[in-house]
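# Structural overview for review
This is what each chain is made of:
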Amino acid sequence: MSSTEGPSRAADKSPRQQVDRLLVGLRWRRLEEPLGFIKVLQWLFAIFAFGSCGSYSGETGATVRCNNEAKDVSSIIVLFGYPFRLNRVQYEMPLCDDDSTSKTMHLMGDFSAPAEFFVTLGIFSFFYTMAALVVYLRFHSLYAENKRFPLVDFCVTVSFTFFWLVAAAAWGKGLTDIKGATRPSSLTAAMSVCHGEEAVCSAGATPSMGLANISVLFGFINFFLWAGNCWFVFKETPWHGQGQDQDQGQGPSQESAAEQGAVEKQ
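Residues numbered from 1 in each chain as written. Predicted model: local features only at pLDDT ≥ 70, side-chain atom pairs only at ≥ 80, totals over all residues. Heavy atoms only, no water.

Operational definition: UniProt positions are given in the numbering used here, feature names are shortened, and annotations may be inferred rather than shown by experiment.
The chain carries the name Synaptophysin-like protein 2 in an unreviewed UniProt entry, which gives Ursus maritimus as its organism. Under Sequence similarities (unreviewed entry), UniProt gives the following word-for-word description of the chain: "Belongs to the synaptophysin/synaptobrevin family." As recorded by UniProt, the Subcellular location (unreviewed entry) comment attached to the chain reads in full: "Membrane".

This is the structure we're talking about:
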């Protein structure tokens, strides 16, 4: 029994030992530096951005009361959400005629492009910052010795900064259009039954857009985080070192020129 239990215990300890070695090899102090701390913020706010936009759902509605006593008051409730293809959202418009009861209608507009671009950018930012944190914490020596890693990191950071600005602005404009398309007054204006004298239409409650508004805010916060991180990543590139070397090289030359001028005057 002891001979069989020995290898099993050794096998159980080996994965634990590997995890312990991995955790011991991580340099957690890198998170206290701006380069690592901002990456953690980027990772968190990327989750907040695509999570708040991708999980949004709301509803709008109206009530239609036909003047014909045979018809009851009809409540219309329309559910919508990500990816905001409103032209595919159906609802039944009641008719006040005796022959037919309802007609299938659709909301107006397709705002999936800015919403999907915003969410996709957030997901890519999440994976990139997670990979960058692994490099910072576990392979920082490789990051410091190999000059290609800082250059790639800088180019990617600049690209994400530009994309976050475009995505946040586009999604903010798209959200404004979504609010206009899902407003209860817009819903009653699109129904033909509300334009005649045979029915009285009343607007329902305005959709709550709090989570969607927060997603736009998270988008601009991500832009500022990535823009601020450009400087700290740039300091790790060889370009920053070359600039310092040039400044140091110009300093002695200017001093020597001044000394030569003083000698010539004497």
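### With respect to the overall build of the chain
Selection criterion: Starting at the N terminus, helices and strands are each numbered in turn, a helix being any DSSP run of H or I of at least four residues and a strand any DSSP run of E of at least two. Burial classification: accessible surface area is computed with a 1.4 Å probe over protein chains only, and a residue below 20% of its type maximum counts as buried, one above 50% as exposed, and the rest as partly exposed. Contact between two residues is taken to exist if any of their heavy atoms lie within 4.5 Å; hydrogens are not considered. Exposure was quantified through the Shrake-Rupley algorithm and a 1.4 Å probe, taking into account, for residues, occlusion by the shown protein chains and nothing else.
Scanning the chain for helices and strands turns up eight helices and five strands. Counting every position in the chain, which comprises 266 residues, the buried fraction comes to 34%. Within the chain, contacts between residues at least 6 apart in sequence are counted, and of these 72% link residues at least 24 apart. Carbon and sulfur atoms make up 59% of the accessible area of the chain, which amounts to about 15,900 Å² in all.

### A word on the UniProt feature "transmembrane region" (unreviewed entry) in the chain
According to UniProt, the "transmembrane region" (unreviewed entry) feature falls on residues 117-139, 151-171 and 214-234. Across residues 151-171, helical content stands at 100% and strand content at 0%; the span's end C-alpha atoms are separated by 30 Å. In residues 214-234, helix accounts for 100% and strand for 0%; the two terminal C-alpha atoms are 30 Å from one another.

### A short note on the nonpolar core
Stated precisely, the cut-off is as follows: What we call a nonpolar core is a set of buried Ala, Val, Leu, Ile, Met, Phe, Trp, Tyr and Cys residues that are connected through their side-chain atoms within 4.5 Å.
With 43 residues, the main nonpolar core has Phe80, Phe84, Tyr91, Trp164, Trp171, Met191 and Val193 as its most contacted residues. For this core, the secondary-structure elements that each account for two or more residues are α2 (34-54), β1 (57-66), β2 (73-81), β3 (90-94), α3 (112-138), α5 (148-181) and α7 (210-234). Considering each element in turn, this core owes the most residues, seven residues, to α5. In this view, Val193 contacts Val64, Met93, Pro94, Cys96, Glu198, Ala199 and Cys201; residues no more than four positions away in its chain are not counted. With six residues, the next largest nonpolar core counts Leu35, Ala132, Tyr136 and Val233 among its residues.

### Comments concerning empty space enclosed by the protein
Our working rule: Both site types are read off a 1 Å grid over the protein atoms alone. A 1.4 Å probe that fits but cannot get out defines a cavity, while an open set with protein on both sides within 12 Å along at least five of seven lines defines a pocket; lining residues have an atom within 4 Å of a point. Grid points are joined across faces, edges and corners, and a volume is the space filled by probe spheres set on the points. Note on residue categories: nonpolar means Ala, Val, Leu, Ile, Met, Phe, Trp, Tyr, Cys or Pro, charged means Asp, Glu, Lys or Arg, and polar means any other residue, Gly included.
Going through the model one piece at a time under the given rule, you end up with one cavity of 30 Å³ or more. The calculated volume of the largest cavity comes to roughly 40 Å³. In terms of lining residues, the largest cavity is bounded by Arg30, Glu33, Leu35, Gly36, Tyr136 and His140. Across the lining of the largest cavity, the residue classes tally to two nonpolar, two polar and two charged.

### A look at the state of the cysteines
How we decide: Only a pair of cysteine sulfur atoms within 2.5 Å qualifies as a disulfide here.
Going through the model one piece at a time under the given rule, you end up with one disulfide. Covalent S-S linkage joins Cys194 and Cys201, the inter-sulfur distance amounting to 1.9 Å. Where Cys194 bonds to Cys201 through sulfur, the torsion about that S-S bond is close to -90°, and the disulfide is left-handed. The exposure class assigned to Cys194 is buried, which follows from its relative accessible area of 18%.

### What to know about a nonpolar patch on the surface
Formally: Patches here: salt-bridge-free residues with over 30% relative accessible area, like charges joined within 9 Å, nonpolar side chains (Val, Leu, Ile, Met, Phe, Trp, Tyr) joined within 5 Å. We count a salt bridge whenever a side-chain nitrogen from Lys or Arg sits within 4 Å of a carboxyl oxygen from Asp or Glu.
Taken together, the side chains of Phe117, Phe162, Phe163 and Val166 present a nonpolar region at the surface, about 350 Å² in accessible area. Ranked by the residues each element gives to the nonpolar patch, the list is headed by α5, at three residues. Tracing the backbone through its elements, the reader meets Phe162 in helix α5. We classify Phe162 as exposed; its relative accessible area is 52%.

### Notes on the confidence of the model for the chain
Applicable threshold: Confidence scores per residue from the predictor, reported as pLDDT, run from 0 to 100.
The predicted model of the chain has a mean per-residue pLDDT of 81, with 76% of residues at 70 or higher. Segment residues 243-249 is flagged for pLDDT under 50; beyond a separation of four residues in sequence, or across chains, it makes zero contacts in the model.

### Observations concerning the packing of α2 against α7
Test applied: Under this scheme, a helix contributes an axis fitted over its contacting stretch, all axes are lines through C-alpha atoms, and angles between N-to-C directions fall in the 0 to 180 degree range. Here the word oblique covers every angle except those under 35 degrees (roughly parallel), over 145 (roughly antiparallel) and from 65 to 115 (roughly perpendicular). Take the far helix as the reference: if the near one is turned anticlockwise from it by less than a right angle, the crossing is left-handed, and if turned clockwise, right-handed.
Contact geometry for α2 and α7: axes closest at 9 Å, N-to-C directions at 160°. Compared by their axis directions, α2 and α7 come out roughly antiparallel. Relative to α7, α2 is oriented so that their crossing is left-handed. Along the contact surface, α2 presents Pro34, Leu35, Ile38, Lys39, Leu41, Gln42, Phe45, Ala46, Phe48, Ala49, Ser52 and Cys53, while α7 presents Leu211, Ser215, Phe218, Ile221, Asn222, Leu225, Trp226, Asn229, Phe232 and Val233. Residue composition of the contact of α2 with α7, grouped by class: 16 nonpolar, five polar and one charged.

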